Amino acid sequence: MSSVAGLIAVPLGGAYQASKWALEALNETLAQEVADFGVQVTVVEPAGFATGSGKNPDPLANGHTAVANPIYDGLRQRLAGVMGKQPAGDPAAAAQALLEIVDSDNPPLRVLFGQGFHQILQQVYAHRLAHGKLEQEDR
């Protein structure tokens with residue numbers, strides 16, 4: 001179980017995101033190591049989901065953050081505004097899809113659950129490919 005935070009980096013989430021990026025690498029490696037034994041690995045990468053309140057929870061108000069430094073108030077407010085606009089995923093639909101993946105003969109290595117992040121991920125990876133290339137001739 002990873003998170004969309006294992007795919008993109010967002011300010012103020014460094015430690016959490018680092019743990020999710022580590023899970024991404026660990027599970028991708030595990031998938032390669034156990035493939036010859038017929039074992040398949042799927043990394044579940046959920047985005048925000050509608051919980052008891054019926055809407056996407058504010059990840060910056062989860063009760064598990066350090067005392068807020070006022071110097072970051074503007075950044076926190078901008079992030080909360082963006083995150084609050086992300087549509088919440090349907091937990092029941094995700095559970096049904098996960099059961100189908102578990103029963104699949106050829107499950108995907110990764111599955112993204114939730115709404116609103118597919119376009120963001122496309123933009124992030126396009127930017128990485130355009131601006132983060134290693135020039136082979138320079139090596």
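Just above, that's the structure.
Residues numbered from 1 in each chain as written. Predicted model: local features only at pLDDT ≥ 70, side-chain atom pairs only at ≥ 80, totals over all residues. Heavy atoms only, no water.

Asker: Pulling in residues and values, what's your account of the overall build of the protein chain?
Answerer: Of the regular secondary structure elements, the protein chain holds four helices and two strands. Within the protein chain, buried positions represent 24% of all 139 residues. Taking all contacts inside the protein chain whose residues are at least 6 apart in sequence as the whole, residues at least 24 apart take part in 66%. About 9,700 Å² of surface is accessible on the protein chain, with carbon and sulfur atoms providing 58% of the total. (Helix = DSSP H or I, 4+ residues; strand = E, 2+ residues; numbered from the N terminus. Buried < 20%, exposed > 50% of the residue type's maximum accessible area, 1.4 Å probe, protein only. Contact = heavy atoms within 4.5 Å. Areas by Shrake-Rupley, 256 points an atom, 1.4 Å probe, with all protein chains shown as cover.)

Asker: Which residues make up the environment of Ala-88, and what are the values?
Answerer: Take Ala-88: it is sitting in the loop between α2 (73-84) and α3 (91-103). Separated by 40 residues in sequence, Ala-88 and Gly-48 have C-alpha atoms that sit 5.4 Å apart.

Asker: Lay out the pattern of salt bridges in plain terms, naming residues and giving numbers.
Answerer: Once the charged atoms of two side chains with opposite charge are near each other, the side chains can pair. On inspection of all chains with the given rule, the structure shows three salt bridges. For Arg-110, the salt bridge is made with Glu-24, and the minimal N-O distance between the two is 2.7 Å. Linking Arg-110 in strand β2 (residues 110-113) with Glu-24 in helix α1 (residues 14-34), this pair joins segments that are 86 residues apart in sequence. On the basis of relative accessibility, which here comes to 5%, the residue Glu-24 falls in the buried class. Residue Arg-110 is classed as partly exposed on the basis of its relative accessible area, which comes to 30%. Among the ionic contacts, a cluster of salt bridges with common partners joins Glu-24, Glu-28, Glu-45 and Arg-110. (Salt bridge = Lys/Arg side-chain N within 4 Å of Asp/Glu carboxyl O.)

Asker: I'd like to hear about α3, residue by residue, with values.
Answerer: For α3, with 13 residues, the first-to-last C-alpha span of 19 Å sits near the 18 Å given by 1.5 Å per residue. Near the N-terminus of α3, the side chain that reaches the backbone nitrogen of Ala-92, with its oxygen 3.1 Å away, is that of Asp-90. (Expected span 1.5 Å × (residues − 1). Polar contact = N/O pair within 3.5 Å; in protein donor to acceptor, adjacent residues only side chain to side chain.)

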